[in-house]
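Now for the letters of each chain:
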Amino acid sequence: MYKVASRSDCVFDVNKKLFLTYLIKNGGPELHEYEEFNFIVKTLDPENLHEFREVINPILNVNTLIGRSYVKPFGYPGDFYLIDHIYSNHVNGDKKYRNWDIYYQNQEGTMAVRNRKDYFINQCLNLALKKDGEKRVLILGSGPATDVNEFLNIYTENDIRFDLVDFDQNAIDYSSHKNKKFEKLISYHKVNVLRFEPYMRYDLIWSAGLFDYFREKHFVYLLKKYINYVAEGGELVIGNFSTENPSQILMEVVSEWYLNYRSREDLLKIAGDAGLLNGKVFVDSEALGVNLFLNIQ
Ligand SMILES: C[S@@+](CC[C@H](N)C(=O)[O-])C[C@H]1O[C@@H](n2cnc3c(N)ncnc32)[C@H](O)[C@@H]1O
């Protein structure tokens, strides 16, 4: 009997190629074409991946945000430049790339990155209001430090000092240039977070966009290490993309951007493995629930 192929049975056929070629010509999908493009990405047979990439090759370069994370000019996908451009909602003005950036900026994973910046700013505001006198914040994997920059621009009464740790000198150069006017409030440490040895305790130790790259073993090691540097009444807050990230397939198929996705239960288990469940431990999230935050007080 003749079996009508369901959409997901289809191979990477000529119609899909034509559609993708049309998108490339049009500078990316328009809103009403998102569903069709997402469908092609989500149902792509790994055997067609090479062909798929060949068709979209004209945008797999630093001219688009999605292409930048594929070519990884600094050797890793979420570099400081990309993250800062997500924060500023950057869109390439060139018609050849414009719709691709608009599409990328509208993905839930991208929105969750912007939301985590706001989450950090709220953490800092709470800290500023909670405690008198000088406060200390340590950031692990600080990248562009746009979050710090926005907080310092908003909260002019600030008496928080920031220590930023990043192993990429390019990220440190970028963030120190961006934060030039706040240079008295920020110290930079170019070192791997696995090896950094703090010489003080902090009211807040924050990390987002970093622990998703670590396997459990290193995650647990870092929790055990950094909890020792949390001041009395302070917090350790670690971001991690949730297993419910709707943008995971897009990130993996188009950009080869792989993360260790974790559920709330996974994060609590890791805290338990680090022996930290005796304090106040909970998992919070930004508004979309895509970026989770393990919070240890
Ligand atoms: C995706 S960015 C996140 C930046 C920032 N936390 C944010 O949320 O905007 C991750 C940063 O961590 C840095 N990084 C990655 N692995 C690191 C490690 N083992 N030690 C120190 N920095 C690291 C990278 O250089 C990059 O700047």
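Residues numbered from 1 in each chain as written. Predicted model: local features only at pLDDT ≥ 70, side-chain atom pairs only at ≥ 80, totals over all residues.

Q: So what exactly am I meant to see when it comes to the overall build of the protein chain here?
A: Along its length, the protein chain carries 12 helices and seven strands. For 297 residues, the compact-globule estimate of 2.2 N^0.38 gives 19 Å, and the C-alpha radius of gyration of the protein chain, at 21 Å, lies within 12% of that figure. If you line up the protein chain on its principal axes, its C-alpha atoms span 75 × 45 × 30 Å. Here the analysis covers contacts within the protein chain between residues at least 6 apart in sequence; of these, 74% occur between residues at least 24 apart. (Helix = DSSP H or I, 4+ residues; strand = E, 2+ residues; numbered from the N terminus. Rg over C-alpha atoms; globule rule 2.2 N^0.38 Å. Contact = placed C-beta atoms within 7 Å.)

Q: Sorry if this is basic, but what is going on with the pairing of strand 6 (residues 281–285) here?
A: When a strand is regular, its side chains alternate between the sheet's two faces. Looking at chain direction, strand 6 and strand 7 (residues 291–296) are connected through five bridges and run antiparallel. Each residue of the ladder has a partner; that of Val-283, found in strand 7, is Leu-294. Here strand 6 hands over to strand 7 after five residues, with Gly-289 in that stretch at a positive phi of 75 degrees. (Pairing = 2+ DSSP bridges.)

Q: Looking at this structure, I do not really get the site of the ligand. What am I missing?
A: Around the ligand lies a shell of 18 residues, among which Gly-78, Gly-141, Gly-143, Asp-168 and Gly-209 are the nearest. If you list the elements that add at least two residues to the shell around the ligand, you get helix 5 (80–87) and strand 2 (160–166). Broken down by class, the residue content of the shell around the ligand amounts to nine nonpolar, six polar and three charged. Composition of the shell around the ligand by domain shows at least three residues from each of domain 1 (12–106) and domain 2 (110–245 + 258–296). (Near = placed C-beta within 6 Å. Nonpolar A, V, L, I, M, F, W, Y, C, P; charged D, E, K, R; others polar. Domains from an automatic or database assignment.)

Q: Hey, could you run me through the nonpolar core in this one?
A: Soluble, globular proteins show a tendency: their nonpolar side chains are buried together. Val-137, Ile-139 and Ile-205 are the most contacted members of the largest nonpolar core, which totals 67 residues. Ranked by residue count, the leading element in this core is helix 7 (residues 108–130), at five residues. Excluding residues within four positions of it along the chain, Val-137 makes contact with Cys-124, Ile-160, Phe-162, Tyr-202, Asp-203, Leu-204 and Trp-206. (Core = buried A, V, L, I, M, F, W, Y, C linked by C-beta atoms within 7 Å. Buried ≥ 20, exposed ≤ 12 C-beta atoms within 10 Å, placed from the backbone.)

Q: Is there a simple way to explain the sheet that holds strand 7 in this structure?
A: Within a beta sheet, neighbouring strands are joined by backbone hydrogen bonds and run either parallel or antiparallel to one another. With respect to topology, seven strands assemble into an open sheet ordered 3-2-1-4-5-7-6, the strand pairing being mixed. Taken across any chain shown, the strands that pair with only one partner, and hence form the sheet edges, are strand 3 (186–190) and strand 6. Looking at each pair of strands side by side, their axes are set apart by 20 degrees on average, direction ignored. (Axes fitted to C-alpha atoms, helices over the stretch in contact; angles between N-to-C directions.)

Q: What exactly am I supposed to notice about the environment of Ala-112 here?
A: Summarising the element assignment, Ala-112 is placed in helix 7. Owing to 25 C-beta atoms within 10 Å, Ala-112 belongs among the buried residues under this scheme.

Q: Please explain the domain arrangement of the protein chain as it appears in this structure.
A: Accessible area lost when the parts come together is the quantity often used to give the size of an interface. When the domains of the protein chain are assigned, the result is domain 1 (12–106) and domain 2 (110–245 + 258–296). For domain 1 versus domain 2, the distance between C-alpha centres works out to 30 Å. Taken residue by residue, the interface counts 10 residues in domain 1 and 13 residues in domain 2. If you list the elements that add at least two residues to the side of domain 1 that touches domain 2, you get helix 5 and helix 6 (98–105).

Q: What am I meant to see in the environment of Ser-207 here?
A: Tracing the backbone shows Ser-207 in strand 4 (residues 202–207). For Ser-207, a count of 24 C-beta atoms within 10 Å translates into the label buried. Spatially, the C-alpha atom of Ser-207 lies 18 Å from that of Tyr-174, the residues being 33 residues apart in sequence. Setting aside anything within four residues of it in sequence, one finds Ser-207 in contact with Ile-139, Leu-140, Gly-141, Ile-238 and Gly-239.

Q: In this structure, what is going on with unusual backbone geometry? I would like to understand it.
A: Glycine aside, residues mostly have negative phi, and peptide bonds are mostly found in the trans state. Even without being a glycine, Ala-145 presents a positive backbone phi close to 55 degrees. Tracing the sequence through the fold places Ala-145 in the loop between strand 1 (135–140) and helix 8 (146–154). Of note in this structure, Glu-256 is not a glycine but carries a positive phi near 50 degrees. For Glu-256, the location among the structural elements is in the loop between helix 11 (248–255) and helix 12 (264–273). Taking the number of C-beta atoms within 10 Å as the measure of exposure, Glu-256 has 14 and is therefore partly exposed.

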